[in-house]
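# Fold and geometry: a report
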Amino acid sequence: MILLAATAVYAQEERQFGDWTAYCAADGLCRAVAGDGPVLMLERHADQTYWELSLDLAPATAGYDSPFDISVDGSGQTFEHAEVGPYGSPTRYYFLSAKAQAILDAMILGQTVDFDYTGEEAIEASARFSLAGLSAALLWIDETQRRIGSERVTGEPPYGLLPAGLEADPNLAVPADLVETHRVDAECGQFEELANGRDIVVARLGEDSTIAMLPCYAGAYNFSAKVYVIEGQTFALQHFAEYSDYTSWSSTDELVNAWYDPDTGEIGTFNKGRGIADCGSSGLWRWTGDYFRLEQYSYKGDCDGSGDPGDFPVVYTAKPLPED
């Protein structure tokens, strides 16, 4: 006898509690929402243990790296770079770390919560929300998700969402499973801890495919990323050829100082052997419709102080593809 795992199906419901609206989607994602704009949200996925605290400023955004001051009934916290940022959308800011937990604890017992930040064009902005009805809204969500008595924990990055990047097309979907797979990759640091954590590329690759270039490592002068090709809800980590005098030709799933040109379908890299870039490697790949084809690779192993930065000897040039 074959047993099939049952997937919980939730009724789509909406309830009003004081100044808060609570509703649950069919997939079990539930939200408590206050405000017309900006909008304050607390949400929890049915299979996650933590709540996600966010503020949506749409259609506006905060200034880049603007700190957020949050106070409940006059007492609060300041959220700096690694503790707040836009995810999924450039207008929606999520609050992380133990500071978010302290704010949530205070909100449940408080009367009002205030947000102060620097908006666009360096204009100071603020938003105030009533907390009347919040506790009842969260309790209703607990009941709907069959989690009465569960802890009110928050501060983790939002499930399945990438930090909003300047080169990330918000109209292209990135599967949540891909984001979570990349987050648990032991070779990579967390987005929030990397200097290049928002240097994310999500772009059209083909008619039915998308490329996602996600930060992995940050050093003094080299920054790496992993490349995924997405088709619908499936994705594949890409591997690329690399050369050195020590290993000869080998394969890697990390590209260093990489860029992508959506007009040509080309990926390029520039791996510096040291800061002045008198040694290292560079490569160029082009999307064929099925895979990234190595077009050219350059390498210099001797860090001798000679030559222009990045001017490395070519060690491989691909033959032209045959015409159809």
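The preceding data block contains the structure.
Criteria and thresholds
- Residues numbered from 1 in each chain as written.
- Predicted model: local features only at pLDDT ≥ 70, side-chain atom pairs only at ≥ 80, totals over all residues.
- Heavy atoms only, no water.
- Helix = DSSP H or I, 4+ residues; strand = E, 2+ residues; numbered from the N terminus.
- Buried < 20%, exposed > 50% of the residue type's maximum accessible area, 1.4 Å probe, protein only.
- Contact = heavy atoms within 4.5 Å.
- Areas by Shrake-Rupley, 256 points an atom, 1.4 Å probe, with all protein chains shown as cover.
- Polar contact = N/O pair within 3.5 Å; in protein donor to acceptor, adjacent residues only side chain to side chain.
- Core = buried A, V, L, I, M, F, W, Y, C linked by side-chain atoms within 4.5 Å.
- Salt bridge = Lys/Arg side-chain N within 4 Å of Asp/Glu carboxyl O.

### Structural notes on the overall build of the protein chain
When helices and strands are tallied, the protein chain shows 3 helices and 24 strands. Oriented by its inertia axes, the alpha-carbon framework of the protein chain measures out at about 70 × 60 × 35 Å. Split into buried and exposed, the 324 residues of the protein chain put 46% on the buried side. For the protein chain, the proportion of contacts with a sequence separation of at least 24, taken over those separated by at least 6, is 51%. As presented, the protein chain carries roughly 16800 Å² of accessible surface, and 50% of it is formed by carbon and sulfur atoms.

### Some points on the side chain of E43
Locating E43 in the fold gives a position in strand β4 (residues 39-44). One polar contact links E43 to R31, side chain to side chain, over a distance of 2.4 Å. Of the polar contacts made by the side chain of E43, one reaches the side chain of R92; its length is 2.8 Å.

### With respect to the nonpolar core
The biggest cluster of nonpolar side chains holds 36 residues, and the ones touching the most others in it are W20, L40, F68, F95, M107 and V113. With 5 residues, the top contributor of residues to this core is helix α2 (residues 134-144). The residues contacting V113, other than those within four sequence positions of it, are L40, I70, S71, V72, M107, A127, R128, F129 and L131.

### Brief notes about the pattern of salt bridges
Overall, the coordinates contain 17 salt bridges when judged by the stated rule. The partner of R31 in a salt bridge is E43, with the nearest N and O atoms 2.4 Å apart. Of this pair, R31 sits in strand β3 (residues 30-34) while E43 sits in strand β4, and the two are 12 residues apart along the sequence. Where E187 meets K226, a salt bridge forms, and the shortest distance between an N and an O atom there is 2.7 Å. Taken together, the residues span a long stretch of sequence, with E187 in the loop between α3 (176-183) and β13 (201-204) and K226 in strand β15 (residues 223-231) at a distance of 39 residues. Residue E187 is classed as partly exposed on the basis of its relative accessible area, which comes to 49%.

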